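Listed below are the residues making up each chain.
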Amino acid sequence: MSLRIGIMGGLFNPVHYGHLRAATEARDLLALDRVHFLPCAVPPHREAPGVSAELRARMVEAALQGAQGLVLDARELALPAPSYTVRTLEDMHREMPQASFVLLLGEDAFRGLPRWHQWQRIPELAHVAVLRRPGAENAPYPDALREWAAKAETAPGTLFESQAGGLTHCKVTALDISSTRIRELLQAGRDPRYLLPDAVLDIIARENLYRGKTT
Ligand code: ATP
Ligand code: MG
């Protein structure tokens, strides 16, 4: 059986237990060998003050200490911003020609897929697994996604019977946590503890993040 790699991309500004738990359950549901966490690069003018891609990656690294099969993958930081998923997937195929890939996307991110650069090429390069996320379940899918779902939808257990192009839904534990909410709490001087790992909070405190202007 070829290596199965999950790809959890995001801004991770900051990473929290919603990301970590969803990735952990997807790893087990889809029998993945590894889940790569890929912080995306954004153009410098869009970065929160003081929260560089490097810092976001450091927080992910701290969050993943001791995790099984969940690893930081900082490749998008080395590529020119903005990060394009098709380009990243091509890079991963070059590096791991024997592997199959599945893009892990929360319900909200999945609905935005038709706005991504060259999104129609994604099914040539990977499967997609949609992760349950509170607040996003009831919004309708755009037509383009409904058409794709009608032909590609399969159960989590059969996704890897093909090399790419499959679509599945993972009913992960619903955790209503977002980075936006954590940034708002910090800005208001409130305590976000237990929404994210203490190791991440330590970096936030040490670097004095999210106290300034919101982004
Ligand atoms: P922000 O509020 O800044 O948008 P976020 O919490 O949505 O942050 P992102 O970095 O935007 O985090 O998300 C990265 C990926 O993780 C996306 O695919 C998103 O849908 C998914 N995700 C984020 N939070 C959760 C959650 N609580 N449960 C399931 N998936 C999640
Ligand atoms: Mg988001």
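This is a predicted model, so every value here is computed, not measured.

> So what about the overall build of the protein chain? Which residues, and what values?
When its secondary structure is counted, the protein chain shows 9 helices and 6 strands. Scaling as 2.2 N^0.38, a compact globule of 215 residues should have a C-alpha radius of gyration of about 17 Å, and the protein chain matches this with 17 Å. Along the three orthogonal principal directions, the C-alpha set of the protein chain runs to about 50 × 35 × 35 Å. Here the protein chain holds 215 residues, and 48% of them are scored as buried. Considering only intrachain contacts with a sequence separation of at least 6, the fraction spanning at least 24 residues in the protein chain is 75%. Surface accessibility of the protein chain: about 10,700 Å² in total, with carbon and sulfur atoms responsible for 50%. The averaged location of the 25 negative side-chain charges in the protein chain is 3 Å from the averaged location of its 25 positive side-chain charges.

> So, helix H9 (residues 198–207): which residues are in play, and what are the values?
Every buried residue of H9 is accounted for by Val 200, Leu 201, Ile 203 and Ile 204. The buried residues of H9 occupy an angular sector of 160° when projected down its axis, which confines them to one face. Every exposed residue of H9 that faces more than 90 degrees away from the buried side is listed here: Ala 205 and Arg 206. Following H9 by one or two positions, Asn 208 has its phi on the positive side, about 55°.

> Let's hear about the layout of surface pockets: which residues, and what values?
The computed volume of the largest pocket comes to approximately 1,400 Å³. Together, 50 residues line the largest pocket, and Gly 9, Gly 10, Leu 11, Cys 40 and Ala 109 are the ones closest to its centre. Where the lining of the largest pocket is concerned, the elements lending two or more residues are strand S1 (4–10), helix H1 (17–29), helix H4 (85–95), strand S4 (100–106), helix H5 (107–111) and helix H8 (179–187). Taken together, the residues of the lining of the largest pocket break down into 24 nonpolar, 16 polar and 10 charged.

> Tell me about H4, and name the residues and values.
For H4, the full list of buried residues reads Thr 85, Val 86, Thr 88, Leu 89 and Met 92. In a view along the axis of H4, the buried residues occupy a sector of 160°, so they form one face of it. Pointing more than 90 degrees away from the buried face of H4 are the exposed residues Arg 94 and Glu 95. Here the buried face of H4 lies against S1, strand S2 (34–39), helix H3 (75–78), S4 and helix H6 (122–125).

> Give a detailed account of the packing of aromatic side chains, specifying residues and quantitative values.
For the structure on display, the rule yields 3 aromatic pairs. When the ring of Phe 12 is compared with that of Phe 37, the centres are 5.6 Å apart and the planes differ by 35°; the resulting orientation is tilted. Within this pair, whereas Phe 12 is found in the loop between S1 and H1, its partner Phe 37 is found in strand S2, the two being separated by 25 residues in sequence. Each member of the pair, Phe 12 as well as Phe 37, carries the same accessibility label: buried. Taken together, the ring pairs connect Phe 110, Tyr 141 and Trp 148 into an aromatic cluster.

Calculation criteria
Residues numbered from 1 in each chain as written. Chains lettered and ligands numbered in written order. Predicted model: local features only at pLDDT ≥ 70, side-chain atom pairs only at ≥ 80, totals over all residues. Heavy atoms only, no water. Helix = DSSP H or I, 4+ residues; strand = E, 2+ residues; numbered from the N terminus. Rg over C-alpha atoms; globule rule 2.2 N^0.38 Å. Buried < 20%, exposed > 50% of the residue type's maximum accessible area, 1.4 Å probe, protein only. Contact = heavy atoms within 4.5 Å. Areas by Shrake-Rupley, 256 points an atom, 1.4 Å probe, with all protein chains shown as cover. Lys, Arg positive; Asp, Glu negative; His and termini not counted. Charge placed at Lys NZ, Arg CZ, Asp CG, Glu CD. Arc of directions from axis to C-beta. 1 Å grid on protein atoms, 1.4 Å probe; cavity = no way out; pocket = protein on both sides within 12 Å on 5 of 7 lines; lining within 4 Å. Points joined across faces, edges and corners; volume = space filled by probe spheres on them. Nonpolar A, V, L, I, M, F, W, Y, C, P; charged D, E, K, R; others polar. Phe/Tyr/Trp six-rings, centres within 6.5 Å; stacked < 30°, edge-to-face > 60°.

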